[in-house]
Amino acid sequence: MISGKAKVAGVVGWPVSHSLSPRLHNYWLSHYSIDGLYIPLPVKPEDCIEVIKILPKMGIRGVNLTLPHKELVMPLLTDMDDDARAIGAVNTLMISYDGTIQGMNTDAYGFIKNIRPHIGTRKNKAVVLGAGGAARAVCHALIKEGFTEIMLANRTQEKADALAAHFAGRIQVRAWDLRNNMLEGADLLVNATSLGMEGHEPLPISLDALPKTAVVTDIVYIPLVTPLIKAAKDRGNPVVDGLGMLIHQAVPAFKAWFGVNPEITPELRNILLKAT
Ligand code: NAP
């Protein structure tokens, strides 16, 4: 039961109806019998600043943010963690009654926690496709994890160049048309584009040059088995789907708002899978 003392958090986005975060956090709230609630907050980008400014006055503990809100709120923050500073975007806010707003970025954490058990010590060459907000978090995570060579390609070359400039020499950019050749000798392939997502075209790629030992991960999780994940699995590569990233990125946020370090269980994955 929700009491008058319930701790409230939510997700601010536009659109927000597709978000799995309410199911995820409310599952944990119920599992740990916490007097709390996590709600979807559909907020248009043009209203984002006004709404975030008002949240401390409403006693909201914190929110997750989807694009483009992740970058819009940066000027409102009292402080932010090192990952948010390095990535240049926040996906989680901790809000206090005194009006302070702390920003965190847990996307990089979620990405690496999801793939770490599968990559072991193979951290030489990673290939990243995409140069949007998620690719930024992925690249930061790979640099932090100690990958020695990170190659990136994006349909819009200028965005890839801007991302590489942001990470000052740690990312090598290749032309989108050369993506198949980039796979030679790779330990890891990451799809950080929105290709393969329900309603989008599949990622156009040939895996012929990719070593069979390379881990293939897709951060798209609707559908869970994207055409890339299927093609990689069919030729025997180890694969990691994107749902784990979503679940792992929620852990530090839940802990910050509700004070419990939540467990990731097969039951939780199944509940989320039913909603995809
Ligand atoms: P974004 O900033 O909008 O970036 C989209 C990326 O996809 C860009 O690199 C874009 O290339 C590329 N792209 C889109 N359509 C394309 C096409 N037809 N051909 C080639 N490239 C195309 O989005 P984002 O926030 O980075 O998110 C990317 C995906 O990751 C989304 O599907 C999102 O749902 C997913 N995601 C998952 C998690 C998770 O927890 N698993 C977390 C964050 C995001 P251009 O630059 O050329 O447009």
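Conventions adopted
- Residues numbered from 1 in each chain as written.
- Predicted model: local features only at pLDDT ≥ 70, side-chain atom pairs only at ≥ 80, totals over all residues.
- Heavy atoms only, no water.
- Domains from an automatic or database assignment.
- Contact = heavy atoms within 4.5 Å.
- Buried area = accessible area lost by both parts, 1.4 Å probe.
- Salt bridge = Lys/Arg side-chain N within 4 Å of Asp/Glu carboxyl O.
- Axes fitted to C-alpha atoms, helices over the stretch in contact; angles between N-to-C directions.
- Helix = DSSP H or I, 4+ residues; strand = E, 2+ residues; numbered from the N terminus.
- Parallel < 35°, antiparallel > 145°, perpendicular 65-115°, else oblique.
- Left-handed = near helix turned anticlockwise from the far one by under 90°.
- Nonpolar A, V, L, I, M, F, W, Y, C, P; charged D, E, K, R; others polar.
- Phe/Tyr/Trp six-rings, centres within 6.5 Å; stacked < 30°, edge-to-face > 60°.
- Buried < 20%, exposed > 50% of the residue type's maximum accessible area, 1.4 Å probe, protein only.
- Near = heavy atom within 4 Å.
- Polar contact = N/O pair within 3.5 Å; in protein donor to acceptor, adjacent residues only side chain to side chain.
- Core = buried A, V, L, I, M, F, W, Y, C linked by side-chain atoms within 4.5 Å.

Draft legend 1. Looking closely at the domain arrangement of the protein chain. Domain boundaries in the protein chain define domain 1 (7–105 + 244–273) and domain 2 (108–241). Here domain 1 and domain 2 have C-alpha centroids that lie 26 Å from each other. With 13 residues of domain 1 in contact, the opposing surface of domain 2 contributes 16 residues. When domain 1 packs against domain 2, close to 1,400 Å² is buried across both sides, 63% of that on carbon and sulfur atoms. Area buried by domain 1 at its contact with domain 2 is led by I87, M245 and H248, which between them contribute 41% of it. For the interface between domain 1 and domain 2, the tally reads two salt bridges. We note a salt bridge from K144 to D83, for which the minimum N-O separation is 2.9 Å.

Draft legend 2. Structural view of the packing of helix 9 (residues 243–258) against helix 10 (residues 266–275). Contact geometry of helix 9 with helix 10 gives a least axis separation of 11 Å together with a crossing angle of 120°. Classified by the angle between their axes, helix 9 and helix 10 sit oblique to one another. Crossing hand, helix 9 versus helix 10: right-handed. Side by side, helix 9 and helix 10 meet where L243, G244 and I247 of the first sit next to L268, R269, L272 and L273 of the second. By residue class, the composition of the contact of helix 9 with helix 10 is five nonpolar, one polar and one charged.

Draft legend 3. Geometry of the packing of aromatic side chains. With the rule as written, the count across this model stands at four aromatic pairs. Arranged with centres 5.3 Å apart and planes meeting at 65°, the rings of W28 and F254 form a pair that is edge-to-face. Pair noted here: W28 is in helix 1 (residues 21–31) and F254 is in helix 9, with a separation of 226 residues, a long-range link. Of the two residues, W28 and F254, both sit in the buried class.

Draft legend 4. Inspection of the site of the ligand at higher detail. Taken together, 22 residues are adjacent to the ligand, and A134, N154, R155, T156 and I219 come closest. At 2.8 Å from an oxygen atom of the ligand is found a main-chain nitrogen or oxygen belonging to A134. Within the backbone of S194, one N or O atom sits 3.2 Å away from an oxygen atom of the ligand. Among the elements of the structure, helix 6 (133–145) and helix 9 are those that each provide at least two residues to the shell around the ligand. A per-class count over the shell around the ligand returns 12 nonpolar, eight polar and two charged.

Draft legend 5. Region of the structure containing the nonpolar core. Ranked by internal contacts, the top residues of the largest apolar core, which has 33 residues, are F111, V128, L142, I171 and L188. Among the secondary structure elements, those contributing two or more residues to this core are helix 5 (107–119), strand 7 (125–129), helix 6, strand 8 (149–153), helix 7 (157–166), strand 9 (171–173) and strand 10 (188–191). Per-element accounting of this core gives the leading share, seven residues, to helix 6. Among the domains, domain 1 (7–105 + 244–273) and domain 2 (108–241) are the pair contributing at least three residues each to this core. Excluding anything up to four places from it in sequence, V128 contacts V138, C139, L142, I150, M151, L152, A153, V190 and A192. The next biggest cluster of nonpolar side chains, apart from the first, holds 26 residues, and it includes A9, V11, M94 and I222.

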